[in-house]
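These are the residues of each chain, in order.
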Amino acid sequence: MSITITPSNHAVPDSERREKVAAPGFGKYYTDHMVVCEWTEEDGWGVPELKAYAPISLDPAAMVFHYGQEIFEGMKAYRQPDGGIALFRPEANAARFKRSAERIALPQMPEALFLETVDALVKQDAGWVPDKVGESLYIRPFMFATEVGLGVRPSNRALYMLIATPAGAYFNPANAVTVWISTEYVRAALGGTGEAKCGGNYAASLVAQRAAAKEGCDQVVWIDAVERKWVEEMGGMNLYFVKGTGASATIFTPKLTGTLLPGITRDSILSVAADLGYKVEEGMISVDEWRDGVASGEISEIFACGTAAVVSPVGCAKSAMGTWVTGDGKPGEITMQIRNTLLGIQHGTIPDTHNWMKKVL
Ligand code: PLP
Ligand code: COI
């Protein structure tokens with residue numbers, strides 16, 4: 001399937017774009033173009049159109065506004081040493097987008113079509129990809145229900161869209177993230193939508209995020225819905241615990257029980273940590289084990305991981321059960337080693353032995 005390309009006639013002037021890309025923030029500026037592609041039950045997927053970034057018009061009765069039938073992805077394009085651009089594991093995002101679609105009863109977009117739209121937008125807006133290490137072009141594919149009607153049923157029309165925003169380095173090594181372990185709210189239960197990347201999960205998380213902020217914390221940590229003790233994930237990121245220190249350390253992450261979002265960064269770190277010679281383990285960790293492990297020193301570092309921030313150290317944890325701090329509250333050595341290795345692979349300065357990077361330009 002080919003894409004219809006209509007370049008914008010009002011692209012941001014070069015000098016202004018360069019200024020924006022030099023201090024991008026996150027989600028502050030959007031590139032000159034977007035992709036839209038319609039799906040209908042009768043005709044399936046239409047031809048994707050790449051065109052000027054612009055507001056869209058929707059009927060007020062479009063189903064997405066009423067029943068929240070929406071999914072999204074988050075992925076990045078990185079500048080390479082030769083000035084080219086490469087995507088990090090785009091096939092993994094395409095596959096997860098399909099799984100999310102299935103769970104939310106939206107149409108499954110063929111992976112090849114998804115990848116073609118991403119490739120086309122990155123090529124068209126290549127001038128928006130930052131150069132500095134830790135910076136990237138954050139790409140946001142999303143899809144929502146557009147059938148007009150208030151009946152509660154899977155929509156027979158959907159719109160897929162793709163936008164992109166230059167993203168700065170999220171990471172401030174001086175500040176480890178402070179987390180609030182929520183015993184009041186639940187993110188996901190088995191049979192629910194925890195494994196899907198759907199807008200509704202984030203809508204449901206906001207009140208907990210606000211409660212965390214009220215406690216002076218940056219992020220909320222979710223625990224399981226049934227026993228209310230197993231650590232699952234943090235806000236929009238997965239969690240890792242470093243047990244022990246030095247070369248004999250074990251890098252541990254909560255296993256995918258069906259209620260966690262299967263993070264692509266999480267999956268990549270399982271390989272990166274093993275490549276670096278660490279023991280890697282997926283399992284269950286309770287809040288008590290977290291507190292006791294930190295107190296005894298067995299847990300030496302904690303970090304969160306996700307596409308947006310890549311790797312963020314977690315320092316202080318607060319909860320109804322008390323407050324405890326990991327190590328000296330500063331980013332740990334292994335955390336930084338894993339972060340720098342992953343970023344090195346993404347920026348093409350460390351060999352990509354897993355064939356994760358897909359060259360665009
Ligand atoms: N967990 C949640 C709830 C998320 O929203 C994200 C972000 O995408 C992640 C984990 C990390 O996933 P990934 O590494 O694929 O970005
Ligand atoms: C992540 O990429 O880690 C995210 O949490 C994405 C977020 C902006 C929804």
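Residues numbered from 1 in each chain as written. Chains lettered and ligands numbered in written order. Predicted model: local features only at pLDDT ≥ 70, side-chain atom pairs only at ≥ 80, totals over all residues. Heavy atoms only, no water.

**Student:** How should I be thinking about the domain arrangement of the protein in this particular structure?
**Tutor:** A common way to state how big an interface is: give the accessible area lost once the parts meet. What the domain assignment reports for the protein is domain 1 (4–167) and domain 2 (177–346). The straight-line distance from the C-alpha centre of domain 1 to that of domain 2 is 28 Å. On the side of domain 2, 20 residues touch domain 1, which itself brings 21 residues to the contact. On the domain 1 side of the interface with domain 2, the three residues burying the most area are Phe72, Phe88 and Arg96, jointly 33% of the side's total. Linking domain 1 with domain 2 are 1 salt bridge. Across the pair Asp267 and Arg89 runs a salt bridge, and its minimum N-O distance is 2.9 Å. Here domain 1 is connected to domain 2 by 12 residue pairs in polar contact (both at pLDDT 80 or more). Of the residues forming the side of domain 1 that touches domain 2, the biggest block, 6 residues, is contributed by helix 3 (residues 90–103). When the residues that make up the side of domain 1 that touches domain 2 are grouped by side-chain class, the tally is 9 nonpolar, 5 polar and 7 charged. (Domains from an automatic or database assignment. Contact = heavy atoms within 4.5 Å. Buried area = accessible area lost by both parts, 1.4 Å probe. Salt bridge = Lys/Arg side-chain N within 4 Å of Asp/Glu carboxyl O. Polar contact = N/O pair within 3.5 Å; in protein donor to acceptor, adjacent residues only side chain to side chain. Helix = DSSP H or I, 4+ residues; strand = E, 2+ residues; numbered from the N terminus. Nonpolar A, V, L, I, M, F, W, Y, C, P; charged D, E, K, R; others polar.)

**Student:** Any chance you could explain the packing of helix 6 (residues 264–275) against helix 8 (residues 333–346) here in plain terms?
**Tutor:** Packed helix pairs are specified by the crossing angle of their axes together with the interaxial distance, meaning the distance between the axes. Axis separation between helix 6 and helix 8 bottoms out at 10 Å; the angle between their running directions is 105 degrees. When the axes of helix 6 and helix 8 are compared, the pair comes out roughly perpendicular. For the pair formed by helix 6 and helix 8, the contact residues are Thr265, Ser268, Ile269, Val272 and Ala273 on the first element and Ile338, Thr341, Leu342 and Ile345 on the second. In the contact of helix 6 with helix 8, the residues fall into 6 nonpolar, 3 polar and no charged. (Axes fitted to C-alpha atoms, helices over the stretch in contact; angles between N-to-C directions. Parallel < 35°, antiparallel > 145°, perpendicular 65-115°, else oblique.)

**Student:** Even after reading the chapter, I still don't get the pattern of salt bridges, so can you show me in this structure?
**Tutor:** If the charged atoms of two oppositely charged side chains come close together, the side chains can form a pair. Summed over the entire model, instances satisfying the criterion amount to 16 salt bridges. Taking the shortest distance from any N to any O, the salt bridge between Arg96 and Glu73 comes out at 2.8 Å. Here Glu73 lies in the loop between strand 5 (70–72) and strand 6 (75–79) and Arg96 lies in helix 3, a separation of 23 residues in the sequence. The class of Arg96 is buried, set by a relative accessible area of 4%. When its relative accessible area of 0% is taken as the criterion, Glu73 is described as buried. Glu135 is the salt-bridge partner of Lys132, the closest N and O atoms lying 3.7 Å from each other. A relative accessible area of 44% places Lys132 in the partly exposed class. (Buried < 20%, exposed > 50% of the residue type's maximum accessible area, 1.4 Å probe, protein only.)

**Student:** Where do I start with helix 6 in this structure?
**Tutor:** At 3.6 residues per turn, the α-helix brings residues three or four places apart onto the same side. Its 12 residues place the ends of helix 6 17 Å apart at the C-alpha level, agreeing with the 16 Å of an ideal helix rising 1.5 Å per residue. Ile264, Thr265, Arg266, Ser268, Ile269, Leu270, Val272 and Ala273 are the residues of helix 6 that are buried. Following helix 6 by one or two positions, Gly277 has its phi on the positive side, about 95 degrees. (Expected span 1.5 Å × (residues − 1).)

**Student:** Sorry if this is basic, but what is going on with the site of ligand 2 here?
**Tutor:** Lining the immediate environment of ligand 2, one finds Tyr138, Arg140, Gly236, Met237, Gly306, Thr307 and Ala308. Measuring from an oxygen atom of ligand 2, one finds a backbone N or O atom of Gly236 at 2.7 Å. Thr307 places a polar main-chain atom, nitrogen or oxygen, 3.3 Å from an oxygen atom of ligand 2. A per-class count over the shell around ligand 2 returns 3 nonpolar, 3 polar and 1 charged. (Near = heavy atom within 4 Å.)

**Student:** Could you clarify how one ought to interpret the pairing of strand 4 (residues 49–52) in this entry?
**Tutor:** When a strand is regular, its side chains alternate between the sheet's two faces. Here strand 1 (residues 4–5) runs beside strand 4; their pairing, made up of 2 bridges, is parallel. Its bridge partner being in strand 4, Thr4 is matched across the sheet by Glu49. Relative to strand 4, strand 2 (residues 33–40) runs antiparallel, the two sharing 4 bridges. Pairing of Val36 across the sheet is with Glu49, part of strand 4. (Pairing = 2+ DSSP bridges.)

**Student:** How do you make sense of the site of ligand 1 when you look at a structure like this?
**Tutor:** In the vicinity of ligand 1 lie 16 residues, with Lys197, Tyr202, Glu233, Thr265 and Thr307 positioned nearest. Between an oxygen atom of ligand 1 and a side-chain N or O atom of Arg96, the distance comes to 2.8 Å. Between ligand 1 and Ile264 there is a distance of 2.8 Å, counted from an oxygen atom to a backbone nitrogen or oxygen. Protein contacts shield 95% of the accessible area of ligand 1, which totals 390 Å² for the unbound molecule. For the shell around ligand 1, the elements supplying multiple residues, two or more each, are helix 6 and strand 16 (299–306). The residue makeup of the shell around ligand 1, split by class, is 5 nonpolar, 7 polar and 4 charged. (Areas by Shrake-Rupley, 256 points an atom, 1.4 Å probe, with all protein chains shown as cover.)

**Student:** Can you help me understand the nonpolar core in this one?
**Tutor:** Side chains of nonpolar character tend, in soluble globular proteins, to be buried together. By size, the foremost hydrophobic cluster in this structure holds 49 residues, and its most contacted members are Val122, Ile139 and Tyr160. If you list the elements that add at least two residues to this core, you get strand 2, strand 5, strand 6, strand 7 (85–88), helix 3, helix 4 (111–124), strand 8 (136–145) and strand 9 (157–167). Phe88, Ala249, Ala273 and Val310 belong to the second largest nonpolar core, which has 24 residues in total. (Core = buried A, V, L, I, M, F, W, Y, C linked by side-chain atoms within 4.5 Å.)

**Student:** Got a minute to help me understand the environment of Asn355 in this structure?
**Tutor:** Take Asn355: it is sitting in the loop between helix 8 and strand 19 (357–359). For Asn355 and Glu70, which are 285 residues apart along the polypeptide, the C-alpha to C-alpha distance reads 31 Å.

**Student:** What is the right way to look at unusual backbone geometry in this model?
**Tutor:** For residues besides glycine, phi is generally negative; the peptide bonds are generally trans as well. A positive phi angle is found at Arg89, which is not glycine, with a value near 45 degrees. With respect to the helices and strands, the residue Arg89 is situated in the loop between strand 7 and helix 3. Judged by relative accessible area, which is 15%, Arg89 ranks as buried. Positive phi, normally seen in glycine, also occurs at Asn355, with a value near 60 degrees. The class of Asn355 is exposed, set by a relative accessible area of 52%.

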